[in-house]
Amino acid sequence: MITRLAKAGLAAALSVTTFATGAALVTDATAAAAAPAATTSTSAQHVTVSQSGNYPGGFFTTGNMSAGWTSSGTADLTGPTHFTVDLPPGVTTDGAMFYSTPYDYTFSSTLSPDGRHLEAVLNGTRVVGKYEFMKLSLRTTPGVPIAGVITVTAANPNDTDATGHISRYDLGTQSLLPATVQAAPAVTGLGTTTGPGAGGTAVTVSGTNLVNGMVLVGGAPAPGSCTDTACTVTTPGGSGSAPVTVVTPGGTAAAPAAFDYTGAPPPAPAAPAVSSLSPASGPAAGGARVNVIGSNLAYGTVAFGGVPATHVSCGPSFCTATAPAGTQPGAVGVTVTTAGGTSAPVTYTYTA
């Protein structure tokens, strides 16, 4: 099976599937069969990764793969989830393509200049059991043997269980390798501890076991990359004294010092606006899944008549939320609150 990909913006892609014979096909079912028996996670929020695809090999010098993840704990997965894909010498990609509906998330990805290391961050609430994936087309270099290991990792600051965070596929043997667990990270210092509130300060975070890590400054991902002993990142905008942590497949480690923002903070984002709800009514007992459509909604919280909704996940123009119980049948206002403020209410009707 060969999956051909068509880009649809930074965070979305559509695929058309055709079939061929003789390729090295590994499916999710194959991956599941090769994986160790599932056990109950020690973390309420947990994410596991897998990979599958039509990998290059034999007569085939191109291919494709999916790097997938599942929320497998006992509670919704929240906060930024960081993914990496590392390709062996001679194998490259032109980037990740991610398509998942509804669009109640933000997603960004970066690719190294040599096309062999990809990092992505997904921010959104993922309910237990939800599976998603990003697709990558793979190319090989003429004259370079198709060999080596493709490694996919995942990490989330709320996930304290280090198992299930690494998936490896050996192109030489055309097989998935046994599961491994990365050693826990440790952070020993920050090269720079102050910078303007607008962000943009280059910071080196030193330590051990930092490879495939994501640096959070005040809880916000800082663009950059990590080796085993150091992360080089650029601070996002912020204010006050912001804790610095490194989140890796092996766990999360806090820096011994905070990063202190100086001067004026960055401008507040545009205020959120809600244009419609779907559905616009539901039982007074609550529990209805509601789509909230609007603008500037990313990272928002949703309230029904001032009561917080549950299972809330917001992208730039779309939120999903589960309505709380109403005090009685009738109309209430639904609002979205972000760092830019609170939207004007849109009517939702509780029915008997």
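That block above? That's the structure.
Presented here is an overview of the structure given in this document. (Residues numbered from 1 in each chain as written. Predicted model: local features only at pLDDT ≥ 70, side-chain atom pairs only at ≥ 80, totals over all residues. Heavy atoms only, no water.)

## Observations concerning the overall build of the protein chain
Part 1: A tally of helices and strands in the protein chain yields 1 helix and 35 strands.
Part 2: Within the protein chain, the proportion of its 352 residues that are buried is 46%.
Part 3: Long-range contacts, defined here as pairs at least 24 residues apart, represent 65% of the contacts in the protein chain between residues at least 6 apart.
Part 4: When the accessible surface of the protein chain is split by element, carbon and sulfur atoms take 60% of a total near 15,200 Å². (Helix = DSSP H or I, 4+ residues; strand = E, 2+ residues; numbered from the N terminus. Buried < 20%, exposed > 50% of the residue type's maximum accessible area, 1.4 Å probe, protein only. Contact = heavy atoms within 4.5 Å. Areas by Shrake-Rupley, 256 points an atom, 1.4 Å probe, with all protein chains shown as cover.)

## Overview of empty space enclosed by the protein
Part 1: All told, the structure shown has 1 cavity of 30 Å³ or more when counted by the stated rule.
Part 2: There is about 40 Å³ of room inside the largest cavity.
Part 3: Every residue lining the largest cavity is listed: Leu-190, Val-203, Val-205, Val-215, Val-217, Thr-235, Val-244 and Phe-259.
Part 4: Those elements that provide at least two residues to the lining of the largest cavity are strand S17 (202-208) and strand S18 (214-217). (1 Å grid on protein atoms, 1.4 Å probe; cavity = no way out; pocket = protein on both sides within 12 Å on 5 of 7 lines; lining within 4 Å. Points joined across faces, edges and corners; volume = space filled by probe spheres on them.)

## Some points on the sheet that holds strand S32 (residues 318-322)
Part 1: One open sheet holds the 4 strands; their spatial order is S26-S28-S32-S31, and the pairing between them is antiparallel. Only two strands of the sheet have a single partner each, and these edge strands are strand S26 (273-278) and strand S31 (310-314). Adjacent strand axes in the sheet meet at a mean angle of 20°, parallel and antiparallel pairs treated alike.
Part 2: Sheet topology places S26 next to strand S28 (residues 289-295); 5 bridges connect them, and they run antiparallel. (Pairing = 2+ DSSP bridges. Axes fitted to C-alpha atoms, helices over the stretch in contact; angles between N-to-C directions.)

## Details of the pattern of salt bridges
Part 1: Within this structure, the stated rule accounts for 3 salt bridges.
Part 2: Taking the shortest distance from any N to any O, the salt bridge between Asp-104 and Arg-126 comes out at 3.5 Å. Of this pair, Asp-104 sits in the loop between strand S8 (97-98) and strand S9 (106-111) while Arg-126 sits in the loop between strand S10 (117-123) and strand S11 (131-140), placing them 22 residues apart in sequence. By the burial criterion, Asp-104 is buried, and Arg-126 matches it.
Part 3: Where Glu-132 meets Arg-126, a salt bridge forms, and the shortest distance between an N and an O atom there is 2.7 Å.
Part 4: Using a relative accessible area of 2% as the deciding quantity, one classes Arg-126 as buried. (Salt bridge = Lys/Arg side-chain N within 4 Å of Asp/Glu carboxyl O.)

## Considerations on the nonpolar core
The nonpolar side chains of a soluble globular protein tend to be buried with one another.
Part 1: Counting residues in hydrophobic clusters, the biggest one holds 27 residues, and the most contacted among them are Met-65, Trp-69, Val-85, Met-134 and Ile-150.
Part 2: Looking at this core, the elements with two or more residues in it are strand S4 (47-55), strand S5 (62-71), strand S6 (80-86), S10, S11 and strand S12 (149-155).
Part 3: Core analysis: the next-biggest nonpolar cluster, separate from the first, contains 20 residues, Ala-309, Ala-321, Val-346 and Tyr-348 among them. (Core = buried A, V, L, I, M, F, W, Y, C linked by side-chain atoms within 4.5 Å.)

## Section: the environment of Pro-185
Part 1: Here Pro-185 lies in the loop between strand S14 (175-176) and strand S15 (186-190).
Part 2: When the C-alpha atoms of Pro-185 and Asn-209 are compared, they prove to be 4.6 Å apart, with 24 residues separating the residues in sequence.
Part 3: Contact partners of Pro-185, with chain neighbours within four places excluded, come to Thr-208, Asn-209, Leu-210, Val-246, Thr-248, Gly-250, Gly-251, Thr-252 and Ala-253.

Note that every value here comes from positions in space, so none of it alone points to a role or purpose.
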